[in-house]
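Chains, contacts and geometry: an overview
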Amino acid sequence: MSLAIALTFLTVPVVGIFVGSSPADLISSLGERGSLDALWLSLRTTTISIAIILIVGTPAAYLLASRSFRGKALVVTLIELPLVLPPAVAGIALLAAVGPAGILGGAVEAAGIELSLTTAGVVVALTFVSSPFYVRQAMAAFAAVDRSLLDASRTLGASEARGFLRVMIPVALPGLASGMALALGRALGEFGATLMFAGSFQGVTQTVPLAIYDRFSTDFDSALALSAVLVALSAAILLAVKFVHGGAALGGWQAE
Amino acid sequence: MLSVEARATVGALRLDVAVAVDPGECLALAGPSGAGKTSVLRVAAGLLRPAQGLVEANGETWLDTEGGIEVPAERRRCGYVFQDYALFPHLTAWQNVAYPLRRLGRRERRARAVGLLERLGLGERADARPGSLSGGERQRVALARALARRPEVLLLDEPLSALDARTRAGATRELAEVLRATEAPALLVTHDFTEAAQLGDRVGIIDAGRIVQQGTPSELAATPRSAFVADFTGAVVLTGTARTRADGLTHVELDGGGEVVSADVAEGAVALSVYPWEIAIEPASERHHGSAQNRLSVEVLSMTTIGNRVRLGLAGSQPLAAEVTQAAVDQLGLRTGAMVTASWKAAATRLVTTTAGGTTR
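Residues numbered from 1 in each chain as written. Chains lettered and ligands numbered in written order. Predicted model: local features only at pLDDT ≥ 70, side-chain atom pairs only at ≥ 80, totals over all residues.

1. Thoughts on the overall build of chain A
Counted only if it meets this: The numbering of helices and of strands both runs from the N terminus, where a helix is a DSSP run of H or I of at least 4 residues and a strand a run of E of at least 2. Counting other C-beta atoms within 10 Å of each residue's C-beta, where C-beta atoms are placed from the backbone, gives the exposure class: buried for 20 or more, exposed for 12 or fewer, partly exposed between.
Each helix and strand counted, chain A has 12 helices and zero strands in total. Each helix (α) and strand (β) of chain A, taken in turn from the N terminus, gives the series α-α-α-α-α-α-α-α-α-α-α-α. Considering only C-alpha atoms, chain A reaches an extent of 65 × 55 × 35 Å along its principal axes. Counting across all 256 residues of chain A, residues that qualify as buried make up 38%.

Put into structure tokens, the structure is as follows:
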């Protein structure tokens, strides 16, 4: 019974999106210039911030997982803080840090980088709110890998760097992938921090969630269509993660 | 030739050991858990740097803390078999074995790896991942991987302890064969003296970070230098061929002569174990009396006092050890060179089958 209630409560709104919009309307409203701009912008900014998160976050997560030092708990807590920060607060925090009047605003400006109300600002906001999802998960994945595998790699003539690439990363891969999917989902849906830090200018900072908000009082069909695209993307990400985990389990090394 | 000297503090343990192993020889370090056995292997492999240490392999210095020499682990040619095998779970059996062969082309790597697996009777499992291999199969993959780089030194950490009892007897025999065929000096550690005796040409007993005694297995059993060694060496192991008789007892014809009986059921080649304190000593002239079924005529080779007990090293068709009280020694007037009768009950005689037929793969 409780399962039925939960299922209904969780699925009816999603179903509503697809029932409320006919496929023909969906396609035609997606063809509008503004919608295409929003989709393209979301795709670009999300891809860039995920790339940044992977490149910087992976070694950082490995170091945090493999080294122990004084104050490590504090560092980990600081890294995880954006997870629980309300998005509006994250936006304000970014403004206060790297906005024009922020503590590092001068330095950023001196470096010739303009963040507020620009596409780069969107990337900063997305990276800020979604990186902890990846780093946290990656740390857990690395920590779960048996250290003796790395020892074995070394006794077999591989340098530590080679062991990291050939053993650590592949063994931790299911965990890394699910962390990436979580970060991806969070970045795609990012609203509050982007709005406050980068604003909502069509083609520049108006990502899909912002475009949905922008339309819903004036052009509900178009908002529905964009929402349907986000639902489809999120579902695809979820399925991809399940596939990675399932594939690993079939390969027989998850349980190892 | 491998020599390892190390002084280090590892957690609560103060390690202070020096061992040397000749080419083709296997030295088995046996001791309780926490004695520092694994640390010795890790120092040899370069995975643990001792405060003071010297590691030399075949004339090459791998570590000399005084001279400031330290060859990194990846440049020491050690074949290391880890306690839980540490197989790479994302690679197949042959890819695990081929991991150290990265300078070769893909085809040759596969051929070499599969060849090694075949040598260990695992050719048809080459494409399986560790997750789908049995314990015994994993152990052989780990061994093949350790041998793949043609190591100058073999290091084995409890290579059999992760196996169930049924698999272990067969695996022990196979490992003994591999060790015999390997030119490289081998250093093996185990918590089980019987295993050390079966696999090591020499055995070193290690306790609390120190090697308390080294020697052949029968030397250690016959003349333990301390109560610790006497207790740790435990049972005397004899080998022979078992046959079940109509009396319901198993008769074992000992290799080298003599026959004993056991209440255990077994057929074919067996290892027979009996504890030294289960063996009673009588003057050789004594007529058979009492309930002891097993009687062997032996010579007293050595007498070692351990507290209030005396460990007797005995020579029969195979070396044997008995433990008796000082009072018994005085009463019987025992001395080295004396011929006596060693006797024990059939019920105190444990049998373990050592043929391939009695084990599962």
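2. Let's talk about the environment of Pro159 of chain B
What counts is decided by this rule: Whether two residues are in contact depends on their C-beta atoms, placed from the backbone: they are in contact if these lie within 7 Å.
Mapped onto the fold, Pro159 of chain B is located in the loop between β8 (153-157) and α5 (165-181). If we skip the residues at most four places from it in the chain, Pro159 of chain B touches Val81, Gln139, Leu175 and Leu188 of chain B.

3. Considering the sheet that holds strand β19 (residues 319-325) of chain B
All names here are of chain B. The test is simple: Pairing between strands is defined by DSSP: at least two bridges between them are needed. Lines fitted to C-alpha atoms define the axes, with helix axes restricted to the stretch in contact, and inter-axis angles between N-to-C directions lie between 0 and 180 degrees.
Here five strands make up an open sheet; going across it, the order is β16-β20-β17-β18-β19 and the pairing antiparallel. Of all the strands in the sheet, the pair left with one neighbour each is β16 (280-283) and β19. Neighbour-to-neighbour, the strand axes of this sheet turn through a mean angle of 45°, independent of strand direction.

4. A look at the confidence of the model for chain A
All names here are of chain A. Going by this rule: Per-residue confidence from the predictor is given as pLDDT, running between 0 and 100.
Per-residue confidence for chain A gives a mean pLDDT of 87; residues scoring 70 or more make up 95%. Highest mean pLDDT in chain A belongs to helix α8 (residues 147-155) (95); lowest belongs to helix α2 (residues 23-30) (75). Long-range and interchain partners of residues 249-256, a stretch whose pLDDT sits below 50, account for 16 contacts in this model, where long-range means more than four residues apart.

5. Focus on helix α7 (residues 119-143) of chain A
All names here are of chain A. Where we set the bar: Expected helix span is given by 1.5 Å per residue-to-residue step, counting one fewer step than there are residues. Two axes define the bend at a residue: one fitted to the seven residues ending there, one fitted to the seven starting there, and the bend is the angle between them.
The end-to-end C-alpha separation of α7 is 35 Å, in line with the 36 Å expected for 25 residues at 1.5 Å each. Maximum bend of α7: about 40°, positioned at Ser130, with proline Pro132 one to four residues after it. The buried count for α7 comes to 21 of 25 residues, which makes it a mostly enclosed element.

6. Thoughts on helix α11 (residues 208-215) of chain A
With six of its eight residues buried, α11 of chain A lies for the most part within the structure. Along α11 of chain A, the residues that are buried comprise Val208, Pro209, Leu210, Ala211, Ile212 and Arg215 of chain A.

7. Points about the domain arrangement of chain B
All names here are of chain B. Rules: Annotation comment: domain bounds sourced from an automatic or database domain assignment. The residue classification treats Ala, Val, Leu, Ile, Met, Phe, Trp, Tyr, Cys and Pro as nonpolar and Asp, Glu, Lys and Arg as charged. All others, Gly included, are polar.
Considered domain by domain, chain B is made up of domain 1 (2-233) and domain 2 (236-358). Centre-to-centre, using C-alpha coordinates, domain 1 lies 33 Å away from domain 2. Counting residues at the interface gives 13 residues for domain 1 and 16 residues for domain 2. Among the secondary structure elements, those contributing two or more residues to the side of domain 1 that touches domain 2 are α5, α6 (193-199), α7 (217-222) and α8 (227-233). Tallied by class, the residues present in the side of domain 1 that touches domain 2 amount to seven nonpolar, five polar and one charged.

8. Let's talk about the nonpolar core
Counted only if it meets this: When buried Ala, Val, Leu, Ile, Met, Phe, Trp, Tyr and Cys residues are joined through C-beta atoms within 7 Å, the set is termed a nonpolar core.
Of all hydrophobic cores here, the largest spans 164 residues; its most connected members are Ala125 and Phe142 of chain A together with Ala44, Val97, Leu117 and Leu155 of chain B. Tallying contributions element by element places α7 of chain A first for this core, with 14 residues. If you count residues domain by domain, this core takes at least three from each of domain 1 (2-233) and domain 2 (236-358) of chain B. Ignoring anything within four residues of it in the chain, the contact list for Val97 of chain B reads Ala113, Leu116, Leu117, Val141, Ala144, Arg145 and Ala148 of chain B.

9. A short note on unusual backbone geometry
All names here are of chain B. The phi angle at Asn58 is positive, at roughly 50°, despite the residue not being glycine. Considering the arrangement of structural elements, one finds Asn58 in the loop between β4 (52-57) and β5 (60-64). Even without being a glycine, Glu158 presents a positive backbone phi close to 45°. Looking at the secondary structure, you find Glu158 in the loop between β8 and α5. With 21 C-beta atoms packed within 10 Å, Glu158 lands in the buried category.

10. A look at the sheet that holds strand β2 (residues 13-21) of chain B
Residues and elements named next belong to chain B. The five strands are arranged β2-β1-β4-β5-β6 in an open sheet whose pairing can be described as antiparallel. At either end of the open sheet lies a strand with only one pairing partner, and these are β2 and β6 (69-70). Where β5 meets β6, two bridges bridge the pair, whose relative direction is antiparallel. From the neighbouring strand, Leu63 faces β6, where its bridge partner is Glu70.

11. Remarks on the environment of Ser262 of chain B
Within the secondary structure, Ser262 of chain B sits in strand β14 (residues 259-262). Residues Ser262 of chain B and Val71 of chain B, spaced 191 residues apart in sequence, show a C-alpha to C-alpha distance of 53 Å.

12. Quick look at the interface of chain B and chain A
Each partner contributes residues to the interface: chain B has 20 residues there, and chain A has 19 residues. Residues belonging to the side of chain B that touches chain A are distributed by class as follows: 12 nonpolar, three polar and five charged.

13. A word on the pairing of β14 of chain B
Residue and element names in this part refer to chain B. Residue alternation in β14 divides its side chains into a buried set, Val260 and Ser262, and an unburied set, Glu259 and Val261. Pairing geometry for strand β13 (residues 250-254) and β14, over four bridges, is antiparallel. When the bridges of β14 are listed, Thr250 appears paired with Ser262. Counted between consecutive antiparallel strands, the loop separating β13 from β14 contains four residues, among which Gly256 sits at a positive phi close to 95°.

14. A closer look at the confidence of the model for chain B
Residue and element names in this part refer to chain B. Residues with a pLDDT of 70 or more make up 96% of chain B, whose mean pLDDT is 89. Every residue in residues 356-361 is under pLDDT 50, and counting partners more than four places away or in other chains gives 13 contacts. Note on the complex model: pTM 0.77, ipTM 0.77.

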